[in-house]
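In case you want the letters, here they are:
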Amino acid sequence: MATATLTKSGDVAVIRLEHAPVNALAQGVRQGLKDGIAAANADPTIKAIVVTGEGRAFSAGADITEFRSGPKPPGLGEVIDGMEASGKPVVAALNGLALGGGLEVALGCHYRVATKAASQLGLPEVKIGILPGAGGTQRMPRLIGVEAALDMIVSGNPINAEKAAKVGLVDRVVEGDVVEGAIAFARELVAAGKGPRPISATRIDPASLPKDLFDNKRASIARHPSGPMAAKNCIAAVEAAVGSDYKSGLARERDLFLELAGKPYARALQYAFFAERQVANIPDIGKDVTPREIKTVGILGAGTMGTGIALAFLNAGLPVTVVETNQGALDHGAKRIRDTIDSNVKRGRITEDEGARRIGNLATGLDLKVLTNADLIIEAVFENMALKKEIFAKLDAVAKPGAILASNTSTLDVDQIAAATKRPQDVLGMHFFSPANIMRLLEFVRGKATAKDALASAMAIARRIGKVGVVSGVCFGFIGNRMVEAYLEEVQAMMLEGATPADIDNALESWGLAMGPNAMMDMAGLDVGYRIRQEHKPSEERARFYRVTDAIVEMGRHGQKTGAGMYSYGADRKRQSDPQIEAMFAKEGAAQGRANRKPEAEEIVERCLLRLANEGAQILDEGIALRASDIDTIYLNGYGFPGWRGGPMWQIEEMGLAKVVEKIKGYEARHGARWNVAPLLERLAASGGKLADAGVKG
Ligand code: 3H9
């Protein structure tokens, strides 16, 4: 239940925010806090007030689920202003994370005491497309200075208690019980005759700020992950705190907040927040399924993927054994792992001790037998079915009973791989994205026979190594790469129609994608797709689309690693358009009779988006993906899709499915069968249904 309760500890009132699991400030909590402050002020035996949170959090801020329906009174800002006006000193006891409105509550208190363990104190509103709207943009710069406040509010990144003490956000850090510490602090205040200390009463002198501070900040947010609006308004709100009185600054904060709240970018980011939390919900895997314990990890293959995966586990404190078939490759891979850890130490990201611990957790070997004790073994070798089958048969012979055997395949049939063993129940796909130690996405491929506890274990370990794991069924390319196939095919088609590689990439990057498809292929290696097309012969039409790209690979232009691919690359690794490549597409486009209308930027974006989402809808209909929001989570975390655009499925839902179907049919009329509309979209458009209601519930 959402509430705030008041208890007394002698002459100090303790108000506790209660709303499991993270004390989001729902209506009941706001009302409880307001009532608690009023009651404590009315009680003559009370000299000071402590505000704290129940459980692991002080508060994670406003209740985001309320944003859809609109908040009910009392408003958070009103409650905080009322609390700050208390005649008795109010001390926040920060018992754990304090984020967004939660930290704004703490800023409305007159003093702040934090437990040393509080690692997340911040104003992350920008990450969900809004700004701190309960006085945070006005109080934070008054308390810790404008520059530090701008950094926190514009990045949305939290700081820990120690840093918070350094910048003056908290007055005292305590090791023991923080509520006891705050009560003691409050009594010291009373004994010293110190009363309320409202932050809002102070004023920021504009002359104290570096010249061009705000302009420089504005210049730094051109590609902010929250899109073009939220960070800009955050800066403007902080700017409004300078030189003005609190009330007028607050009014400006409100206006800037209302410009963002409920608008498309904010809704998309909030949808993405919940989508990411939804992926762990697998209908037939409830709390009754106990994951197997994973204490040690084996990795087969010391190439780019294998070493990246090894780093992901080492960074999370797990011992890893890497196996290769030849000493040179093994040494090279192990060196790459050690170098990465060393560079993290040099850059101050981790301590020397931590670096040494991670390197100490790495073992290597040339024989599969060294993996006999591993609880999880991940194969990360060349993408070839025969090879993978051979390896899994060998693993079957050496792995201990109950070990989970995972393949990092990005396309292949996990059921076939599992069939090479006598324990298909222990086999699944764990598809990491490169660089595997950095990218957050992990696609789990659930085979026909994969045991529930094997999948649950993989999901648990993914959380431990900081990944967002999304479950996919078995099909060629799974969710992410199957959709990419459709998308890249359309890109090839548009280049034959006259768009240059740079036209395509610039259009999509201006729209928000981190990297256009041609730059992405050059980075991943054009030879990767080429090899896949060699192994799985594409349809005749698709082969025609790829004729130029295949010729580029055959010229030895494999992308960045060979200094040339779709683009040329100088020593600075910056891409440069290459007239030779553009001419090849133009010539082939003319030969195929396609080069009669060059698509403009808007059409480029629309066709890419619709091909992605149409394939996504088909994947959803086949039950390969559990929900449309799972598909979006994949695109946001593994394919550089911007969070403020929500994902391809969110985009077409926003467009309206009837309109989407009409558009797809228009493209089908122009371009033929590759544009066949997914039956699910047609059904939903006809019934007025939504993608959000397709797939599994919950
Ligand atoms: C704000 O404050 C606006 C104000 O400035 C002004 C207003 C006028 N609301 O992530 P977890 C749920 S905006 C509702 O799995 P963790 C979450 O959905 C807010 N629900 O755990 C999940 O539910 P379920 C600014 C919330 O330990 C459960 O709690 N604050 C909220 O990995 C556990 O969450 C933020 O943006 C919320 N605010 O991470 C903070 N927060 O179990 C957003 C969490 O049903 N939250 N839930 O799936 C976070 O960053 C992380 O959830 C947190 C915990 C770090 C708190």
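What counts and what doesn't
- Residue numbers here run from 1 along each chain, matching the order of that chain's written sequence.
- Note on the predicted model: pLDDT of at least 70 is required for a residue's local features to be given, and 80 or more for side-chain atom pairs to be given and counted; whole-chain, interface and lining totals, by contrast, use all residues.
- Hydrogen atoms and water are omitted, and side-chain values are computed over all heavy atoms in the structure.
- Nearness is defined per residue: one heavy atom within 4 Å of the molecule or strand is enough.
- The term polar contact refers here to a pair of N or O atoms within 3.5 Å; inside protein, the definition further demands a hydrogen-donor-capable atom paired with an acceptor-capable atom, and it admits residues adjacent in sequence only when both atoms are side-chain atoms.
- The Shrake-Rupley method, run with a 1.4 Å probe sphere, supplies the accessible areas, and residue values consider only the shown protein chains as cover.
- A run of H or I in DSSP becomes a helix once it reaches four residues, and a run of E becomes a strand once it reaches two; helices and strands are each numbered from the N terminus.
- Three exposure classes are used, based on accessible area relative to the maximum for each residue type with a 1.4 Å probe and protein chains only: buried under 20%, partly exposed in between, and exposed over 50%.
- Whether two aromatic rings pair depends on their centres lying within 6.5 Å, for rings of Phe, Tyr and Trp, where Trp uses its six-membered ring; planes under 30 degrees apart make the pair stacked, over 60 edge-to-face, and the rest tilted.
- To estimate the expected span of a helix, count its residues, drop one, and scale the result by 1.5 Å.
- Here, the arc refers to the directions that run from the helix axis to the C-beta atoms.
- One bridge is not enough; two strands pair if DSSP finds at least two bridges between them.
- Where helices are involved, their axes are fitted lines through C-alpha atoms of the stretch in contact, as for all axes, and angles between N-to-C directions lie from 0 to 180°.
- Each domain span listed reflects an automatic or database assignment of domains.
- Salt bridge, as used here, is a side-chain nitrogen of Lys or Arg placed within 4 Å of a carboxyl oxygen of Asp or Glu.
- Note on angle classes: values under 35 degrees are labelled roughly parallel, values over 145 roughly antiparallel, values of 65 to 115 roughly perpendicular, and the remainder oblique.
- Rotating anticlockwise by less than a right angle from the far helix to the near helix defines a left-handed crossing, while the corresponding clockwise rotation defines a right-handed one.
- Any two residues whose heavy atoms approach within 4.5 Å at even a single point are treated as in contact.
- When residues are sorted by character, Ala, Val, Leu, Ile, Met, Phe, Trp, Tyr, Cys and Pro go into the nonpolar class, Asp, Glu, Lys and Arg into the charged class, and all the rest, Gly among them, into the polar class.
- Handedness of a crossover is defined as follows: orient the strands so they point away from the viewer, and if the path from the first strand over the helix to the second runs clockwise, the crossover is right-handed.

A. Spatial organisation of the site of the ligand. As a matter of local geometry, the ligand sits amid 25 residues, with R56, G101, E104, E125 and R277 nearest to it. One of the backbone nitrogen or oxygen atoms of G101 is found 2.7 Å away from an oxygen atom of the ligand. Within the backbone of G133, one N or O atom sits 3.1 Å away from an oxygen atom of the ligand. Out of a free accessible area of 1,000 Å², the ligand has 71% covered by protein chains. Of all the secondary-structure elements, those providing two or more residues to the shell around the ligand are β6 (97-99), α3 (101-108) and α11 (264-278). Looking at which element gives the most residues to the shell around the ligand, the answer is α11, with three residues.

B. Region of the structure containing helix α19 (residues 501-511). Taken across its 11 residues, α19 has eight buried, putting it largely inside the fold. Of all the residues in α19, the buried ones are P501, A502, I504, D505, A507, L508, E509 and W511.

C. Molecular detail of the packing of aromatic side chains. Taken as a whole and assessed by the stated rule, the structure comprises 10 aromatic pairs. Centre to centre, the rings of Y271 and W650 are 4.4 Å apart; their planes meet at 25 degrees, and the pair counts as stacked. Taken together, the residues span a long stretch of sequence, with Y271 in helix α11 and W650 in helix α27 (residues 648-655) at a distance of 379 residues. The class of W650 is buried, set by a relative accessible area of 15%. Relative to Y639, the ring of Y635 lies with its centre 4.4 Å away and its plane at 15 degrees, an arrangement referred to as stacked. With relative accessibility at 2%, the residue Y635 sits in the buried group.

D. Expanded view of helix α28 (residues 657-671). Here α28 contains 15 residues, and its C-alpha end-to-end distance of 20 Å stays within 8% of the 21 Å for a straight helix at 1.5 Å per residue. All of the buried residues along α28 are L657, V660, V661, I664, Y667 and H671. All buried residues of α28 project into a common sector of 125 degrees when viewed along the axis, lining one side. Exposed and facing more than 90 degrees away from the buried side of α28 are A658, E662 and A669. Following α28 by one or two positions, G672 has its phi on the positive side, about 95 degrees.

E. Representation of the sheet that holds strand β11 (residues 320-323) in the model. If you walk across this open sheet you meet the eight strands as β12-β11-β10-β13-β14-β15-β16-β17, and the pairing is mixed. Both edges of this open sheet fall to β12 (362-365) and β17 (468-472), since each of them pairs with a single strand only. Shown here is a sheet whose adjacent strand axes are inclined to one another by a mean of 25 degrees, direction ignored.

F. Structural detail: the domain arrangement of the protein chain. Here the protein chain is described as being made up of domain 1 (3-261), domain 2 (297-472) and domain 3 (480-623 + 627-693). Taking the mean C-alpha position of each, domain 1 and domain 2 sit 43 Å from one another.

G. Broad picture of the pattern of salt bridges. Enumeration over the complete set of coordinates arrives at 52 salt bridges. Two residues, D215 and R218, come together in a salt bridge whose shortest N-O distance is 3.2 Å. Placement of both D215 and R218 in helix α8 (residues 213-219) is noted, with a separation of three residues, approximately one turn of the helix. Residue classification places D215 among the partly exposed residues on the basis of a relative accessible area of 45%. Where R611 meets E490, a salt bridge forms, and the shortest distance between an N and an O atom there is 2.7 Å. With R611 in helix α25 (residues 601-621) and E490 in helix α18 (residues 480-497), this residue pair connects regions lying 121 residues apart in the sequence. Residue classification places R611 among the buried positions, given a relative accessible area of 5%. Using a relative accessible area of 0% as the deciding quantity, one classes E490 as buried. Each of the salt bridges in this network shares a partner with another, and the network as a whole consists of E485, E489, E490, E497, E541, R542, R597, E603, R607, R611, R670 and R674.

H. Just the packing of helix α1 (residues 27-42) against helix α2 (residues 76-84), in detail. For the pair α1 and α2, the least separation of the axes is 10 Å and the interaxial angle reads 20 degrees. With respect to α2, the element α1 is oriented roughly parallel. Handedness of the α1/α2 crossing: left-handed. Here R30, L33, K34 and I37 of α1 lie close against α2, whose contacting residues are L76, E78, V79 and M83. For the contact of α1 with α2, the class distribution of residues is five nonpolar, no polar and three charged.

I. Expanded view of the pairing of strand β10 (residues 297-300). Residues V297 and I299 line one face of β10 and the alternating positions G298 and L300 line the opposite face, and both faces are buried. Regarding topology, helix α12 (residues 304-315) serves as the crossover connection from β10 to the parallel β11, and that connection is right-handed. As defined by bridge partners, β10 adjoins strand β13 (residues 376-379) across four bridges and the pair is classed as parallel. Across the sheet, the residue bridging to L300 is E379, located in β13.

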